[in-house]
Amino acid sequence: MPVTEILLPTTAPAETPPARGGGVVAVGLVLGGALSVQFGAAVAALLFPRTGVAGAVTLRLTIAAVLLLVVCRPRLRGHDRSAWLAAGAFGLALAGMNSLFYQAIERIPLGPAVTLEVLGPLALSVFSARRLASWGWAGLALAGVALLGQGGFDRLNPVGVAFAFGAGAMWAAYIVLSARVGGRFPGADGLALALTVAALVTLPLGIVDGGAALLDPRVLALGAALAVLASGLPYTLELMALRRMPTATFAVLMSLGPAVATLAGWLVLRQELTVLECTAIVLVIVASIGAVRVNAAAARRPEPR
């Protein structure tokens, strides 16, 4: 999951002037990408009864890797040992993030799963900003989690909650490693190679879990739809949006992920949430937006001489 995995950058990137034709079109592109990712996750949940969770993860990563390898055709020569280590670690983070998140959404509704997962990038953003305001937003996010618990973590399934937290930690690792890989490989070459590593790592367990069902034409079609919805389409839409809007605005809009996930869970999977759970999700979204704005303001502030 390329750009869509980076809800909250560890540091706000330098603002670049948006191209003409931004505004409403750019917002539509970002929201379209977010809808694609979360509805992709809903499609994955539909695959679980046929392939198992590990089988769905393998299908998604393998098809996405093949597509990206065909498009990017990354060079294998000319990279030193540190570059390959970074790509390998990036691939392991991708495999872990996807595996843990899919295990989570098998057990708890999509909206709460994404809400808990986003705490990983949020924590990374808070620690990197090192500002009092960031800790205030972190406190609001924790209040949201506490409120989510009031709705009953037992109702949400404690194991699913633990998987969502684990996915959040892997998401934070993904963000750090994506920056390292991006600096060592041109274009999307590093991502293509990392996706290949992730697919190979998850393949054995995916084959055991999914078995012959992975070769069923209908399952393969759903897997291809999953790879496009969760990787190819959002990656393209978000790159187009980033050419039309400042990166801080992009990050704020991406913070709406839990709300979009809640909508996808309700429409596709018929998952209903209580008012208390919806309020908790809103608190985490507001905290995410606040943390992004603090980082953006800090990046614009000139360094003392």
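Below you will find a few notes about this structure. (Residues numbered from 1 in each chain as written. Predicted model: local features only at pLDDT ≥ 70, side-chain atom pairs only at ≥ 80, totals over all residues. Heavy atoms only, no water.)

The next point concerns the overall build of the protein. Per the secondary structure count, the protein includes 12 helices and zero strands. Taken from N to C terminus, the helices and strands of the protein fall in the order α-α-α-α-α-α-α-α-α-α-α-α. Looking at the protein as a whole, 50% of its 305 residues are labelled buried. Within the structure as shown, the protein displays about 13600 Å² of accessible surface, and the carbon and sulfur contribution to it stands at 68%. (Helix = DSSP H or I, 4+ residues; strand = E, 2+ residues; numbered from the N terminus. Buried < 20%, exposed > 50% of the residue type's maximum accessible area, 1.4 Å probe, protein only. Areas by Shrake-Rupley, 256 points an atom, 1.4 Å probe, with all protein chains shown as cover.)

Quick look at the layout of surface pockets now. What the second largest pocket holds in volume is close to 220 Å³. Around the second largest pocket sit 14 residues that line it, and Leu67, Leu68, Val71, Gly232 and Tyr235 are the ones nearest its centre. Contributing elements (two or more residues each) for the lining of the second largest pocket: α1 (24-72), α8 (189-210) and α9 (217-242). In the lining of the second largest pocket, the residues fall into 12 nonpolar, two polar and no charged. (1 Å grid on protein atoms, 1.4 Å probe; cavity = no way out; pocket = protein on both sides within 12 Å on 5 of 7 lines; lining within 4 Å. Points joined across faces, edges and corners; volume = space filled by probe spheres on them. Nonpolar A, V, L, I, M, F, W, Y, C, P; charged D, E, K, R; others polar.)

We now examine the environment of Val286. Mapped onto the fold, Val286 is located in helix α12 (residues 275-300). Val286 sits 145 residues away from Ala141 along the chain, and the two C-alpha atoms are 8.0 Å apart.

A few words now on the packing of helix α3 (residues 110-117) against helix α11 (residues 257-269). Closest axis-to-axis distance for the α3/α11 pair is 7 Å, and the angle between their directions is 160°. Here α3 is positioned roughly antiparallel relative to α11, judged by the angle of their axes. Like other packed secondary-structure pairs, α3 and α11 cross with a definite hand, here right-handed. For the pair α3 and α11, contact is made by Leu110, Gly111, Val114 and Thr115 and by Gly257, Pro258, Ala261, Thr262, Ala264 and Gly265, respectively. Class assignment of the residues belonging to the contact of α3 with α11 gives a composition of five nonpolar, five polar and no charged. (Axes fitted to C-alpha atoms, helices over the stretch in contact; angles between N-to-C directions. Parallel < 35°, antiparallel > 145°, perpendicular 65-115°, else oblique. Left-handed = near helix turned anticlockwise from the far one by under 90°. Contact = heavy atoms within 4.5 Å.)

Membership of the largest hydrophobic core comes to 71 residues, with the highest contact counts inside it found for Phe101, Tyr102 and Leu110. Take this core: its biggest share by element is 16 residues, from α1. One finds Leu29, Val30, Met245 and Leu253 within the second-largest nonpolar core, a separate group that totals eight residues. (Core = buried A, V, L, I, M, F, W, Y, C linked by side-chain atoms within 4.5 Å.)

Take the packing of aromatic side chains next. Overall, the coordinates contain four aromatic pairs when judged by the stated rule. Seen from their ring centres, Trp84 and Phe185 are 6.1 Å apart, and the 75° between their planes marks the pair as edge-to-face. With Trp84 in helix α2 (residues 81-107) and Phe185 in the loop between α7 (158-184) and α8, this residue pair connects regions lying 101 residues apart in the sequence. Where Phe101 meets Tyr102, the ring centres are 6.1 Å apart and the plane angle is 50°; that geometry is what we call tilted. As far as the burial class goes, Phe101 and Tyr102 line up, both buried. (Phe/Tyr/Trp six-rings, centres within 6.5 Å; stacked < 30°, edge-to-face > 60°.)

Right, let's get into the environment of Gly55. Note that Gly55 resides in helix α1. Taking the C-alpha atoms as reference, Gly55 lies 7.9 Å from Val208; in sequence the two are 153 residues apart. With sequence-adjacent residues up to four places away left out, Gly55 is seen in contact with Gly206, Asp209, Gly210 and Leu214.

This part is about the pattern of salt bridges. Enumeration over the complete set of coordinates arrives at two salt bridges. The partner of Arg107 in a salt bridge is Glu106, and the shortest N-O contact between them spans 3.4 Å. Owing to a relative accessible area of 31%, Arg107 belongs among the partly exposed residues under this scheme. Of the charged contacts in the structure, one is a salt bridge between Arg218 and Asp216, with a shortest N-O distance of 3.6 Å. For Arg218, a relative accessible area of 60% gives the class exposed. (Salt bridge = Lys/Arg side-chain N within 4 Å of Asp/Glu carboxyl O.)

Moving on: unusual backbone geometry. The phi dihedral of Arg73 is positive, around 45°, even though this residue is not glycine. Turning to its location among the elements, Arg73 is positioned in the loop between α1 and α2. Of note, Arg270 is a non-glycine position whose phi angle comes to about 60°, a positive value. Examined against the element boundaries, Arg270 turns out to sit in the loop between α11 and α12. The exposure class assigned to Arg270 is exposed, which follows from its relative accessible area of 63%.

For α7, which comprises 27 residues, the first-to-last C-alpha distance of 39 Å matches the rise-based estimate of 39 Å (1.5 Å per residue) to within 8%. One side-chain oxygen of the residue at the start of α7 lies 2.8 Å from the amide nitrogen of Val159, identifying that residue as Asn157. (Expected span 1.5 Å × (residues − 1). Polar contact = N/O pair within 3.5 Å; in protein donor to acceptor, adjacent residues only side chain to side chain.)

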